[in-house]
Amino acid sequence: MKIAVIGGGWAGLSAAVTAVRQGHHVQLFEAASALGGRARTVHHPGLGAPIDNGQHILLGAYTATLELMRSLGLSLEDSFHVLPLSVRSADGTLAMHAVPGLPAPLHIAAGLLAARGLTWKEKSAALRLMHHLHRNNWHTPREATVQEWLALSLQPPRLQRLLWGPLCVATMNTPPEQACAQLFANVLRDSVGASRREAGNMLIPRRTLSELWPARVAELAEGGGLNPTGNGTLEIFNSATIRAIHAEFAEHTRVDSLGGRSAVHSQFHLDDLPQTFDSIVVCANTPSTARLLASLPSLPGTTDYLHNVQSFTHSPIATLTLQFDQSVTLPSPMLLLHEDRQRGHFGQWLFQAQDKECRRLHIVVSDAQEMQSMERNTLLAKMTEQLQEQLRHTQLPRVQQHALVMEKRATFLAVPGLKRPTNQTPWPGIWVAGDWTDTGYPGVLEGAVRSGRDAALQMDTALRQSS
Ligand SMILES: Cc1cc2nc3c(=O)[nH]c(=O)nc-3n(C[C@H](O)[C@H](O)[C@H](O)COP(=O)(O)OP(=O)(O)OC[C@H]3O[C@@H](n4cnc5c(N)ncnc54)[C@H](O)[C@@H]3O)c2cc1C
């Protein structure tokens with residue numbers, strides 16, 4: 001069958017690879033000049049080398065993504081720095097590590113007990129919370145925010161500020177007072193609460209995001225290596241923005257052993273392109289998906305579905321990359337920064353970059369609205385000051401170059417009660433995928449990959465049933 005995938009982010013690529021492996025002929029249309037979407041490599045003139053649009057970390061719990069990478073012949077050891085779960089602040093006042101040699105999830109409990117910088121009261125409150133979650137099958141009160149749930153669970157304010165707040169913002173790009181407690185609990189369940197130690201590992205890419213696996217998909221697609229049986233193929237078109245989907249739906253009745261069954265036969269065109277498709281998987285962000293779906297004829301259920309897709313709001317993530325005139329070594333590739341917005345100290349996490357000379361650091365700020373209205377040089381001065389203050393034992397060399405990447409719509413705001421659409425739409429033959437669909441996760445890479453895979457599998461089943 002002929003399939004069009006619209007969007008070449010991680011969801012679109014995952015859908016395309018899955019559909020090719022099911023034996024379909026897939027054409028993927030990506031608006032940008034390169035693949036990757038919100039997890040992509042960008043070129044900054046000042047730095048003289050490609051960087052990512054923002055530092056991304058993956059978790060050992062990202063099973064669909066890691067499985068996909070393995071299936072593309074990529075070595076995970078070469079692709080990532082793998083760190084056992086740890087939270088360590090740049091100023092050394094807070095340190096918590098999963099304890100080696102203990103089975104999961106005891107290694108986390110022991111790590112919490114041995115943590116530096118938390119009082120006994122705070123440690124026992126954190127352990128109690130994890131125990132309650134476990135006992136309640138990882139369910140939190142319905143429609144509660146993270147802040148409400150932490151208060152109900154009697155978590156001391158300092159523990160919320162030092163540990164839970166930063167973890168919530170980092171995983172959900174949504175502040176605790178707005179973030180959905182259940183989605184946060186789902187992330188905890190699959191990482192620190194899992195029975196596999198590796199699920200809690202933190203995976204920091206050793207390569208740029210485009211090189212991590214999207215480039216491999218493009219390479220295999222070109223050589224016909226995605227489906228060695230030769231049945232499925234993938235053609236990728238970059239710089240190809242799709243503006244409208246034209247559909248023809250025809251109902252037909254087939255006589256079978258049960259005496260007759262009615263099915264809808266769909267056929268699609270995109271813009272004024274000559275090719276026809278049997279099915280479409282839309283893997284764009286919500287505004288673009290809503291525009292594309294709105295170009296289709298109205299059918300029962302489509303108004304509500306479209307309304308759901310349009311109801312998402314977004315939150316920015318900023319990444320400040322500093323390039324120094326000499327190498328700089330951090331005590332860990334990832335450090336927690338204490339944020340103080342009043343002083344312009346917006347930094348939340350600090351990462352050592354992938355450059356071989358170790359001259360670059362990335363400072364990451366999730367939920368970065370406030371930064372958007374600030375002057376760039378002021379931000380640079382304040383955030384460098386924050387770094388120097390908190391990296392007490394490291395003398396920072398001179399900043400030679402910097403790059404500030406502001407992703408305005410980095411992820412959807414993961415608030416309680418959000419109705420997240422399923423992969424199946426009310427239009428026969430049209431499927432959607434993306435981190436914003438009903439994945440059970442906040443807006444993360446693993447959600448995108450699972451969503452793409454699931455959309456393609458459901459589409460394949462539907463096509464087989466109707467043919
Ligand atoms: C700065 C930053 C840091 C992040 N950090 C993390 C992290 O540490 N860990 C984590 O798990 N997640 C992180 N995320 C979230 C993660 O990047 C996203 O969840 C994921 O990339 C979403 O993938 P997607 O395929 O669903 O959507 P997208 O990546 O948005 O892909 C959609 C694609 O569709 C294309 N498109 C849109 N409209 C059209 C059209 N009409 N025609 C053709 N193409 C179209 C777009 O150009 C885009 O390439 C971060 C995101 C950002 C921005």
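These numbers were taken from a predicted model, which means no experiment stands behind them.

## Thoughts on the packing of helix α4 (residues 106–113) against helix α5 (residues 120–135)
Between α4 and α5, the least distance of the axes is 9 Å, while the angle of their chain directions is 160°. Judged by the inter-axis angle, α4 sits roughly antiparallel to α5. For α4 against α5, the interelement crossing comes out right-handed. Counted together, A109, L112 and L113 of α4 and W120, K123, A126 and L127 of α5 form the full contact between these two elements. Residues belonging to the contact of α4 with α5 are distributed by class as follows: six nonpolar, no polar and one charged.

## Focus on unusual backbone geometry
Following A104, the chain continues to P105 via a peptide bond in cis, the omega torsion being -5°. Here P105 shows up in the loop between β8 (95–97) and α4. Notably, W138 is not glycine yet its phi reads approximately 65°, a positive angle. With respect to the secondary-structure elements, W138 resides in the loop between α5 and α6 (146–152).

## Some words on empty space enclosed by the protein
Per the stated rule, a full pass over the model turns up five cavities of 30 Å³ or more. Reported here for the largest cavity is a volume of approximately 50 Å³. Looking at the largest cavity, the residues that line it are R38, N285, T286, P287, H314, R409, T411, F412, D435 and W436. Within the lining of the largest cavity, the residues separate by chemical class into three nonpolar, four polar and three charged. When residues of the lining of the largest cavity are assigned to domains, at least three fall in each of domain 1 (2–55 + 210–313 + 415–466) and domain 3 (314–412).

## Remarks on the environment of A240
Note that A240 resides in the loop between β10 (233–237) and β11 (245–254). Linking A240 and G7, residues 233 residues apart in sequence, is a C-alpha distance of 9.2 Å. Ignoring anything within four residues of it in the chain, the contact list for A240 reads F29, E30 and A31.

## Observations regarding the domain arrangement of the protein
Assigned domains of the protein: these are domain 1 (2–55 + 210–313 + 415–466), domain 2 (85–200) and domain 3 (314–412). Taking only C-alpha atoms, the centre of domain 2 and the centre of domain 3 are 24 Å apart. Counting each side, the surface lost to burial between domain 2 and domain 3 is near 1400 Å², with a carbon and sulfur contribution of 57%. Per-residue buried area on domain 2 facing domain 3 is highest for R88, A90 and N173; these three make up 44% of the total on that side. Joining domain 2 to domain 3, the criterion identifies zero salt bridges. Our enumeration of links across domain 2 and domain 3 arrives at eight residue pairs in polar contact (both at pLDDT 80 or more). The set of elements that each furnish at least two residues to the side of domain 2 that touches domain 3 consists of β7 (86–88) and α7 (157–172). Considering every element that reaches the side of domain 2 that touches domain 3, the biggest residue donor is α7, with six residues. Looking at the side of domain 2 that touches domain 3 residue by residue, the class counts come to ten nonpolar, four polar and two charged.

## Some remarks on the environment of A247
Looking at where A247 falls in the secondary structure, it is placed in strand β11. Classification of A247 by relative accessible area gives partly exposed; the value is 23%. When the C-alpha positions of A247 and I430 are compared, they lie 9.6 Å apart, and in sequence the two are 183 residues distant. Look past the residues within four positions of A247 in its chain and what remains in contact with it is Q267, F268, L296 and P297.

Conventions adopted
- Residues numbered from 1 in each chain as written.
- Predicted model: local features only at pLDDT ≥ 70, side-chain atom pairs only at ≥ 80, totals over all residues.
- Heavy atoms only, no water.
- Axes fitted to C-alpha atoms, helices over the stretch in contact; angles between N-to-C directions.
- Helix = DSSP H or I, 4+ residues; strand = E, 2+ residues; numbered from the N terminus.
- Parallel < 35°, antiparallel > 145°, perpendicular 65-115°, else oblique.
- Left-handed = near helix turned anticlockwise from the far one by under 90°.
- Contact = heavy atoms within 4.5 Å.
- Nonpolar A, V, L, I, M, F, W, Y, C, P; charged D, E, K, R; others polar.
- 1 Å grid on protein atoms, 1.4 Å probe; cavity = no way out; pocket = protein on both sides within 12 Å on 5 of 7 lines; lining within 4 Å.
- Points joined across faces, edges and corners; volume = space filled by probe spheres on them.
- Domains from an automatic or database assignment.
- Buried area = accessible area lost by both parts, 1.4 Å probe.
- Salt bridge = Lys/Arg side-chain N within 4 Å of Asp/Glu carboxyl O.
- Polar contact = N/O pair within 3.5 Å; in protein donor to acceptor, adjacent residues only side chain to side chain.
- Buried < 20%, exposed > 50% of the residue type's maximum accessible area, 1.4 Å probe, protein only.

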